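Secondary and tertiary structure notes
Listed below are the residues making up each chain.
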Amino acid sequence: MRIAQVAPLTESVPPQGYGGTERVVSYLTEELVKLGHSVTLYASGDSVTSAELRACSQRALRLDPGIADPVRIYHESHERMMRRVKAEAAEFDFIHFHIGWHEFPYFIASTTPCVSTMHGRLDVPNFQKRLAQYRGFPLISISDDQRRPVPDANWVATIYHGQPDTLTVPGAAERGYLAFLGRISPEKRPDLAIQIAQKAGWPIRIAAKVDPVDKVYFETMIRPLLSLPGVEYIGEVGEADKMRFLAGAHALLFPIDWPEPFGLVMIEAMACGTPVIAFRRGSVPEVIENGVTGFVVATVDEAVQAVSRIGLLNRQTLRSVFRRRFSVMRMAADHVRVYESLIARQLARTEGYQTTDLVP
């Protein structure tokens, strides 16, 4: 199959540091190539891939120091990319978008079958209006909970993220700290992670980036907490360091305060055999099997109690669950099934008959 993967230009594919969407696009692209498909990746020019790379910006936009107006440049760059993909669409059997909405007006009537994976939160009024305007556009959700704000959209599948097992660092000996990994932002609640660790009597290491929009929050709410005993701020980490960081942790704390669409860090921890203690928000109950791969809690006190129960969990079981539910092979196979079904649906429209047994 000739497949185009269209990634955001904010980060490279894979990202040099934090960047869940671009990391998943990289995993999927590389696995599709391994399966024998002809894959073209539209992404930033500093991306690294075994697919054919068609660069749509010189480098990841977040890392370009020459950008004075990020919002305008982001919009213009993605509009240019959409025009290029549109001009080259006939080269492909299928186009898979990971942008969010720029593709809708360009491809709502595309003769080349396509789909968009929604990687972000959907409880945003402006975004809901766009989805309503282009209601027929085929969409993939990354959790069932993600769909709740827009249940009537044209959902063709929920496909959980997956990652290569080769990224894991099993059997880490330290396990001497609690971990927080991700972004320093109000919805991720690093302050609650610190509070949980303090109450549980465990040191905590925080590996996280600070986006410009969250700098005030970091300086006013988080930086004062970094001087507390047992709190260590590491900053943003790359792929290899991230997995070692997770593998050495007693548990990952995930005290989110927003409708998390998926939460890639949860399966990254599982891949290392590291349990997750997560608040019951968004996708968490779908990803974490309570009492098996971690604990799903509702309050700080419940999270503190869960820290003391981590020893009840079997780390090899965590690894087995990861391989069964969140492998890159499973993720790629799920996507191929969707591609084939939407190609069949397009063929049915073209030939003037109806098919059955398509994606529900």
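A brief structural summary. (Residues numbered from 1 in each chain as written. Predicted model: local features only at pLDDT ≥ 70, side-chain atom pairs only at ≥ 80, totals over all residues. Heavy atoms only, no water.)

In this section: the sheet that holds strand 5 (residues 114-118). Taken in spatial order, the seven strands of this open sheet run 3-2-1-4-5-6-7, and their pairing is parallel. The open sheet has two edge strands with one neighbour each: strand 3 (52-57) and strand 7 (155-158). Strand-to-strand twist across the sheet, computed as the mean angle between neighbouring axes with direction ignored, equals 20°. Its contacts with the sheet put helix 1 (residues 20-34) on strand 1 (2-6), strand 2 (38-44) and strand 4 (94-97), and the angle it makes with strand 2 is roughly 155°. In the packing of helix 2 (residues 70-88) onto the sheet, the strands contacted are strand 1, strand 2, strand 3 and strand 4, and the crossing angle to strand 3 comes to about 145°. (Pairing = 2+ DSSP bridges. Helix = DSSP H or I, 4+ residues; strand = E, 2+ residues; numbered from the N terminus. Axes fitted to C-alpha atoms, helices over the stretch in contact; angles between N-to-C directions. Contact = heavy atoms within 4.5 Å.)

Another aspect to go through is the sheet that holds strand 8 (residues 178-183). Pairing between sheet strands relies on hydrogen bonds along the backbone, with the strands arranged either parallel or antiparallel. The strand order across the open sheet formed by six strands is 10-9-8-11-12-13, and the pairing between neighbours is parallel. A strand with exactly one partner marks an edge of an open sheet, and here the two such strands are strand 10 (231-233) and strand 13 (294-297). Recorded for the sheet is a direction-independent mean angle of 20° between the axes of neighbouring strands. In this sheet, strand 11 (residues 251-254) lies alongside strand 8 in parallel orientation, the contact comprising two bridges.

Now for helix 6 (residues 215-222). All buried positions along helix 6 are accounted for by Tyr217, Phe218 and Ile222. Projection of helix 6 onto a plane perpendicular to its axis shows the buried side chains occupying an angular sector of 100°, all on one side. Taken together, the buried residues of helix 6 touch helix 5 (190-200) and strand 10. (Buried < 20%, exposed > 50% of the residue type's maximum accessible area, 1.4 Å probe, protein only. Arc of directions from axis to C-beta.)

Now for the packing of aromatic side chains. This model, assessed by the stated rule, comprises 10 aromatic pairs. Ring centres of tyrosine 42 and phenylalanine 92 lie 6.2 Å apart, and the angle between their planes is 75°; on these two criteria the pair is classed as edge-to-face. With tyrosine 42 in strand 2 and phenylalanine 92 in the loop between helix 2 and strand 4, the pair connects residues that are 50 residues apart, well separated along the chain. Across the pair, exposure class does not vary: tyrosine 42 and phenylalanine 92 are buried alike. Linked through ring pairs, Phe104, Tyr134 and Phe137 together constitute an aromatic cluster. Lysine 86 extends its terminal NZ or CZ atom over the ring of phenylalanine 107, reaching a point 5.3 Å from the ring centre. Positioned above the aromatic ring of tyrosine 177 is the side chain of arginine 205, whose terminal nitrogen or guanidinium carbon lies 4.0 Å from the ring centre. (Phe/Tyr/Trp six-rings, centres within 6.5 Å; stacked < 30°, edge-to-face > 60°. Lys NZ or Arg CZ within 6 Å of the ring centre and 35° of its normal.)

Among the structural elements, aspartate 214 can be located in the loop between strand 9 (204-209) and helix 6. The spacing of aspartate 214 and glutamate 268 is 54 residues in sequence and 24 Å in space, taken between C-alpha atoms. Sequence-distant contacts of aspartate 214, that is, excluding residues within four places in its chain, are made with Arg183, Ile184, Ser185 and Pro186.

To continue, consider helix 5. Along helix 5, the positions that sit buried rather than exposed are Pro190, Asp191, Leu192, Ala193, Ile194, Ile196 and Ala197. Just past helix 5, the residue glycine 201 takes up positive phi, approximately 75°.

Okay, the side chain of serine 47 next. With respect to the secondary-structure elements, serine 47 resides in the loop between strand 2 and strand 3. Given a relative accessible area of 8%, serine 47 falls into the buried group. Here the side chain of serine 47 touches valine 13 through a polar contact of 2.9 Å, landing on its backbone nitrogen. In this view, serine 47 contacts Ser12, Val13 and Leu53; residues no more than four positions away in its chain are not counted. (Polar contact = N/O pair within 3.5 Å; in protein donor to acceptor, adjacent residues only side chain to side chain.)

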